[in-house]
Amino acid sequence: MSATLLHADLDAFYASVEQLMDSTLRGLPIAVGGGVVLAASYEAKVFGVRGGMPGRQARRLCPELRFVPGHFSEYQRLADEVFAVCEDFTPVVERVSIDEAFIDVAGSTHLFGPAPDIAATIRRRVSDEIGLPLSIGVARTKHLAKIASQVAKPDGLVVVETERESEFLHPLPVELIWGVGPVTRERLEAEGITTIGQLADADPNQLEQLLGAAVGAKVASLARNDDPRRVTSGRRVRSLSAQSANRRRPPDPDFVTRTLLHLADRVSSRLRAKHRMGRTITGRVRFADLRAVSRSVTLAEATSSTSIIAEVARELVMNALADHPEEREISLLGVAVSGLEDEALDQPALPFAARSKPVARRDLERAVDGVREKFGRGSIGFASVELRAQGVPDPFRDLAERDL
DNA sequence: TCTGGGGTCCTAGGACCC
DNA sequence: TCTGGGGTCCTAGGACCC
């Protein structure tokens, strides 16, 4: 088997788009966002600015940092253009997020040449035609290709020849393995394991002891370079959720009710748009100290109803709050729906009054969906007005919940 | 003045059934 | 009557990814 699998990853994507659209931003440390850094340019990363970082901290690290508001619909449009270029070479393109994808060119090399040449052509075309830097890793497996693209950044191409895989992999730090985050890295380091090579040599039983059966086995097999995953397009979503952080405040029942209605509305309208319903509803609360708790319940029947999801979530959150009377303030509320099923067939065209209550309610909510489709989300809705004023802009939420 | 939002998968204990 | 094992579902929490 040869190296025909590509991992393509747009560099500092949101920030690169802003620099593309406004040439005066090029070469400058910029951050997309305000209260929170959603993305930082490479010039800003040099100072230690990272995505997810509070704006204040970022300013402290880099006083000349320029904050720019996001152009969220542009991000979607440009990313789609980039991966359309990839699809000129093969239909086997698996988007894993807005800014990255796996591409299997095994069936295309007889037309377009060796995989590294295809990768170089894609990079050149994306640069010439769209103007964005794209890093690509080429290897025999997904895992190696992904690591190669990380090593290639910024704006580079790294090819891992099949006969040099161990040579490439073993000196690299363990945190480059997909699934090794801060906690796992720390645990491994405590055992003296810091490189992938050391991990590959470690006793599998010891790793399972240390990390749990599943994580231990996965990490060990990736370190030993055993990764059978194929490139596939079209996985179905397994859960949908919405949450909103707020300034610390007492859990006033009225605020909780209105916020959960808004969140339930976001989740349920997405469910209805996908013709899906869910049986398990989860309510989440985060307290002032950032400790979070959740309560969930599985219903006898799946639902996509705004009012049912909102009401159940309210009960769950109220129960969670009652279990923690010592907590005086909350900092986040969330709603999730899982256990998804395809929507049941509609009830036949009974007269409105003769339909069951849930179906009548769903018809009402569908009507709301229809108005929004025509006039925009803000045109009609549940408790959305006050929520818009706080936190992250809705266009970013829309982007985060997009379908790839 | 301690960090956004949307996801996936795993674990562990308990309930319940056979 | 007691003991045992296996399987599945549910719930709460956690690690990790983009």
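Just so you know, these numbers come straight off a predicted model, no measurement behind them. (Residues numbered from 1 in each chain as written. Chains lettered and ligands numbered in written order. Predicted model: local features only at pLDDT ≥ 70, side-chain atom pairs only at ≥ 80, totals over all residues. Heavy atoms only, no water.)

Another aspect to go through is the overall build of chain A. From N to C terminus, chain A includes 17 helices and 12 strands. Against the globule reference of 22 Å for 404 residues, chain A gives a C-alpha radius of gyration of 24 Å, in line with a compact fold. In terms of its C-alpha atoms, chain A occupies a principal-axis envelope of roughly 70 × 50 × 50 Å. Classification of the 404 residues of chain A by burial places 45% in the buried group. Approximately 20200 Å² of chain A is accessible, and the part contributed by carbon and sulfur atoms is 53%. (Helix = DSSP H or I, 4+ residues; strand = E, 2+ residues; numbered from the N terminus. Rg over C-alpha atoms; globule rule 2.2 N^0.38 Å. Buried < 20%, exposed > 50% of the residue type's maximum accessible area, 1.4 Å probe, protein only. Areas by Shrake-Rupley, 256 points an atom, 1.4 Å probe, with all protein chains shown as cover.)

For the structure on display, the rule yields five aromatic pairs. When the centroid spacing of 4.4 Å and the interplanar angle of 5° are considered together, the rings of Y14 and Y75 count as stacked. Of this pair, Y14 sits in helix α1 (residues 13–21) while Y75 is found in helix α4 (residues 72–87), placing the two residues 61 residues apart along the sequence. Taking the relative accessible area as the measure of exposure, Y14 reaches 14% and is therefore buried. For the pair F72 and Y75, a centre-to-centre distance of 5.6 Å together with 75° between the ring planes defines the contact as edge-to-face. One end of the pair, F72, and the other, Y75, are both in helix α4, three residues apart, so they sit about a helical turn from each other. No difference in accessibility class separates F72 from Y75, as the two residues are buried. (Phe/Tyr/Trp six-rings, centres within 6.5 Å; stacked < 30°, edge-to-face > 60°.)

The next subject is the protein's contact with DNA strand B. Not every one of the 22 residues close to DNA strand B is listed here, only the nearest: R238, S239, S241, Q243 and R270. Of all atoms in DNA strand B that approach within 4 Å of the protein, 90% are sugar or phosphate atoms. The side chain of S239 places a nitrogen or oxygen atom 2.5 Å from a phosphate oxygen of DNA strand B. Secondary structure elements with two or more residues in the surface near DNA strand B: α12 (213–223), β9 (239–249) and α17 (394–400). (Near = heavy atom within 4 Å. Polar contact = N/O pair within 3.5 Å; in protein donor to acceptor, adjacent residues only side chain to side chain.)

In the vicinity of DNA strand C, 19 residues are found, and the nearest of them are S97, K146, T184, S296 and T298. Counting only the atoms of DNA strand C that lie within 4 Å of the protein, the sugar and phosphate share comes to 100%. Residue K146 places a side-chain N or O atom 2.2 Å away from a phosphate oxygen belonging to DNA strand C. Going through the elements one at a time, α9 (182–190) and β11 (292–303) are the ones with two or more residues in the surface near DNA strand C. For the surface near DNA strand C, the per-class residue count stands at seven nonpolar, seven polar and five charged. (Nonpolar A, V, L, I, M, F, W, Y, C, P; charged D, E, K, R; others polar.)

With that out of the way, let us pick up the environment of F89. Position of F89 relative to the elements: it lies in the loop between α4 and β5 (93–97). On the basis of relative accessibility, which here comes to 10%, the residue F89 falls in the buried class. Here the alpha-carbon distance between F89 and S241, two residues 152 residues apart in the chain, equals 35 Å. Excluding anything up to four places from it in sequence, F89 contacts S108, F112, I118, T121, I122 and R125. (Contact = heavy atoms within 4.5 Å.)

Once that is clear, we can look at the nonpolar core. If you look at the biggest cluster of nonpolar residues, it comprises 40 residues, and the most contacted ones within it are L6, F13, Y14, Y75, I122 and L132. Mapped by element, the contributors of at least two residues to this core are β1 (5–10), α1, β2 (30–33), α4, β6 (100–104), α6 (115–130), β7 (134–139) and α17. Counting residues per element, this core draws most heavily on α4, at eight residues. Excluding residues that lie within four positions of it along the chain, Y14 makes contacts with V32, L38, A39, Y75, I98, F396 and L399. (Core = buried A, V, L, I, M, F, W, Y, C linked by side-chain atoms within 4.5 Å.)

Its location among the elements puts E327 in the loop between α14 (306–323) and β12 (330–342). E327 gets classed as buried once you look at its relative accessible area, which sits at 18%. Setting aside chain neighbours within four positions, we find E327 in contact with F287, D289 and R291.

The sheet built from three strands is open, its strands ordered β3-β2-β4 with mixed pairing. The two strands at the open ends of the sheet, each matched to only one other strand, are β3 (37–40) and β4 (66–68). The sheet shows a mean angle of 30° between the axes of neighbouring strands, taken without regard to direction. With three bridges joining them, β2 and β4 adopt parallel strand pairing. Within β4, the position partnered with V32 by the bridge is V68. (Pairing = 2+ DSSP bridges. Axes fitted to C-alpha atoms, helices over the stretch in contact; angles between N-to-C directions.)

This part is about the side chain of T306. Here T306 shows up in helix α14. Overall, T306 belongs to the buried group, its relative accessible area being 1%. Polar side-chain contacts of T306 include one of 2.7 Å to the side chain of S268. For T306, the side chain forms a polar contact with the side chain of R272, separated by 3.1 Å.

Okay, the packing of α9 against helix α11 (residues 204–211) next. Interhelical geometry of α9 versus α11 gives an angle of 130° and a closest axis separation of 11 Å. On the basis of the axis angle, α9 is oblique to α11. Considering the relative orientation of α9 and α11, their crossing is right-handed. Together, T184, R187 and L188 of α9 and L207, L210 and L211 of α11 make up the contact between the two elements. (Parallel < 35°, antiparallel > 145°, perpendicular 65-115°, else oblique. Left-handed = near helix turned anticlockwise from the far one by under 90°.)

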